[in-house]
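Working through the structure, step by step
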Amino acid sequence: MRAGAHKGDTMEDKKILVIEDEKPIADILKYGFEKEGFQVQCAYTGSEGFVMAGKNPPNLVLLDWMLPDINGVDVCRMLAEQYRIPIIMLTARGSVEDKLYGLESGADDYITKPFDLREVVARVRTILRRFDKARGLPEDTPLVCGHLTVAEQEHSVYKHDELLNLTPKEYELLICFLKHPRQVFTRTALLDRIWGYDFLGDTRTVDIHVQRIRKKAGLEGMLVTVFGVGYKYVPQ
């Protein structure tokens with residue numbers, strides 16, 4: 001077992017793409033994650049990182065907000081539109097509004113600089129375990145909910161015959177609702193269930209993701225707001 005690895009983790013085959021223009025920071029992240037058994041690629045511009053993600057798809061992206069060519073938020077949107085890859089934003093911009101903006105753009109988590117490398121590694125492990133768990137729940141037959149079909153072995157959702165382009169968190173949240181019709185979930189419960197109890201964002205993160213799911217999956221009138229409580233899925 002490599003130094004720092006945790007029993008039961010199998011991260012040796014996990015690839016991390018670091019998109020960070022400050023080479024000393026990129027080098028620290030590369031060294032730290034390779035020590036933990038990850039494979040690491042580094043890109044120093046947004047365009048270079050986007051190309052790398054297409055040529056050698058990573059399991060997770062660590063993405064700096066301030067890049068010299070393309071704003072990190074725009075890179076996040078581009079990646080979220082093209083791939084179902086978890087993304088963690090790394091930035092010195094730590095206001096609630098900035099965090100929500102990053103999450104709304106498709107990021108799964110947000111870590112402010114300066115950061116503790118141990119925290120970054122822990123966050124990455126948590127997201128990868130949760131993502132792998134979601135992918136590792138195959139069923140013999142697809143889950144059909146009205147006009148939506150869930151192919152869990154593919155980690156995919158289809159609206160009629162069209163594949164929906166969902167981020168990992170959108171997928172997990174949608175599956176949660178579809179598998180528990182008419183059950184009311186509070187925003188806090190959804191944060192704990194989908195993002196984890198140690199997530200530092202607030203309940204507006206849930207609102208943003210629900211709005212996106214409604215639009216993408218065509219669930220207006222079905223994914224309903226329970227005022228003062230949270231949300232529930234009411235099939236028609």
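Read on for an overview of the structure. (Residues numbered from 1 in each chain as written. Predicted model: local features only at pLDDT ≥ 70, side-chain atom pairs only at ≥ 80, totals over all residues. Heavy atoms only, no water.)

So, on to the sheet that holds strand β8 (residues 156–159). One open sheet accounts for 4 strands, arranged β6-β7-β8-β9; its pairing is antiparallel. On the outer flanks of this sheet lie β6 (143–145) and β9 (162–163), each paired with one strand and no other. In this structure, strand β7 (residues 148–151) lies alongside β8, joined through 4 bridges in antiparallel fashion. Of the residues in β8, the one forming a bridge with T149 is Y158. Lying over the sheet, helix α6 (residues 168–179) contacts β6, β7 and β8, oriented at roughly 115° with respect to β7. (Pairing = 2+ DSSP bridges. Helix = DSSP H or I, 4+ residues; strand = E, 2+ residues; numbered from the N terminus. Contact = heavy atoms within 4.5 Å. Axes fitted to C-alpha atoms, helices over the stretch in contact; angles between N-to-C directions.)

Moving on to the sheet that holds strand β1 (residues 15–19). Sheet strands associate in pairs through backbone hydrogen bonding, adopting either a parallel or an antiparallel arrangement. Across the sheet, 5 strands lie side by side as β2-β1-β3-β4-β5; this open sheet has parallel pairing. Edge strands, defined here as strands with exactly one partner in the open sheet, are β2 (39–43) and β5 (109–112). Between one strand axis and the next, the sheet turns through 20° on average, direction left out of account. As paired elements, β1 and β2 share 5 bridges and run parallel to each other. Considered in β2, the bridge of I16 is made with V40. On top of the sheet, helix α2 (residues 46–55) reaches β1 and β2; it is set at about 145° to β2, its chief contact. Where helix α3 (residues 72–82) meets the sheet, it contacts β1, β3 (60–64) and β4 (87–91), and its direction lies at approximately 175° from that of β4.

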